[in-house]
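Chain residues, written in single-letter form:
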Amino acid sequence: THTFNKGELTTEGGIVTLSDIEWTASSATYISWDNNNGRGIQLGSKNILNPTYQLSTSALAGCTIRSITVNSSKANSGDAELTISVGSQTSEAYTLGTSDAAYTFDCEDTTGNISINWTATDRAYYVKSIIIVKLSDINALIEKLDNDILAFNKKIERKEFIENELPKQQEKLNTANK
C-alpha cells in the first residue's frame, strides 16, 4: 500500500520510489497537492490541462498480482478516466467521480509489468493511494491463519485435559493417600 505525500511526484517525471517499489512517472504539465479536500496529488488544474499521466513499474513483474486498487478522483466539472494494466490484462476505463473512490482491478492472478494511466479532457484529477495485493501476501496470511488455528487447537486440547484428566489424577491421589 502506498499513500501519496506532498512532493512525491514532480512535473519532470522519472524514477520515483513509492513504498519501496521503483516506479517510472511520466512528465506532467502541472502537479500540486490538494490542501483543501485531502485528495492527494493533483494533476492538472482548472487552467492547465494534464491530458495523460502514467505510473508504471516492472519491479513486481515476477509476482502474481491478485488486484490493484487506486484511490483517485477528479475536480468538479472535470472529465477524467483511469485504467490499470498488469501484463496483457487491462481494466475497464473507470470514469472518476468528484469524491475519493477506490477503483479496483481484479486481474485474476496475473504477472507482468504494472501500468496505471489517467486521461483527462478537462480540469484536474487526483491520486491518493495505490494498493497492490500479491498472491504471496495472501499465501502468507493463510499460513499465519493456519498457525493461529493450530495454536488455538492446542489450547483447546490443554483445556480438555485440565477439565477431564486432572480430576481423575486428583481422585487417584486422594485414593492413594487414604
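The following refers to the structure shown. Nothing here was measured: the structure is a model prediction, and the numbers come from that model. (Residues numbered from 1 in each chain as written. Predicted model: local features only at pLDDT ≥ 70, side-chain atom pairs only at ≥ 80, totals over all residues. Heavy atoms only, no water.)

**Section: a nonpolar patch on the surface**
Here is step 1: A grouping of Phe 161, Ile 162 and Leu 166 is seen on the molecular surface, where their side chains present a nonpolar patch of about 280 Å² in accessible area.
Here is step 2: With respect to the element layout, Ile 162 can be found in helix H1 (residues 135–176). (Patch = residues over 30% accessible without salt bridge, like charges linked within 9 Å, V, L, I, M, F, W, Y side chains within 5 Å. Areas by Shrake-Rupley, 256 points an atom, 1.4 Å probe, with all protein chains shown as cover. Salt bridge = Lys/Arg side-chain N within 4 Å of Asp/Glu carboxyl O. Helix = DSSP H or I, 4+ residues; strand = E, 2+ residues; numbered from the N terminus.)

**Notes on the packing of aromatic side chains**
Here is step 1: Tallied over the full model, the rule gives two aromatic pairs.
Here is step 2: Pairing Tyr 53 with Trp 118 gives two aromatic rings, centres 6.1 Å apart and planes at 45 degrees, and the pair type is tilted. Highlighted residues: Tyr 53 in strand S6 (residues 52–57) and Trp 118 in strand S12 (residues 114–122), separated in sequence by 65 residues. For the pair Tyr 53 and Trp 118, one class covers both residues: buried.
Here is step 3: Taking the centre distance of 5.6 Å and the plane angle of 40 degrees together, the rings of Tyr 94 and Tyr 103 count as tilted. (Phe/Tyr/Trp six-rings, centres within 6.5 Å; stacked < 30°, edge-to-face > 60°. Buried < 20%, exposed > 50% of the residue type's maximum accessible area, 1.4 Å probe, protein only.)

**Quick look at the environment of Ala 102**
Here is step 1: Considering the arrangement of structural elements, one finds Ala 102 in strand S11 (residues 101–110).
Here is step 2: For the pair Ala 102 and Ser 88, spaced 14 residues apart in sequence, the C-alpha separation works out to 22 Å.

**Here's the deal with the pattern of salt bridges**
Here is step 1: Taken as a whole and judged by the stated rule, the model has three salt bridges.
Here is step 2: For Arg 66, the salt bridge goes to Asp 109, with nearest N and O atoms at 2.5 Å. Linking Arg 66 in strand S7 (residues 65–74) with Asp 109 in strand S11, this pair joins segments that are 43 residues apart in sequence.
Here is step 3: With a relative accessible area of 28%, Arg 66 lands in the partly exposed category.
Here is step 4: Notably, a salt bridge pairs Asp 100 with Lys 128, separated by 3.4 Å at the nearest N-O pair. In this pair, Asp 100 sits in the loop between strand S10 (94–95) and S11 while Lys 128 sits in strand S13 (residues 125–134), placing the two residues 28 residues apart along the sequence.
Here is step 5: With relative accessibility at 30%, the residue Asp 100 sits in the partly exposed group.

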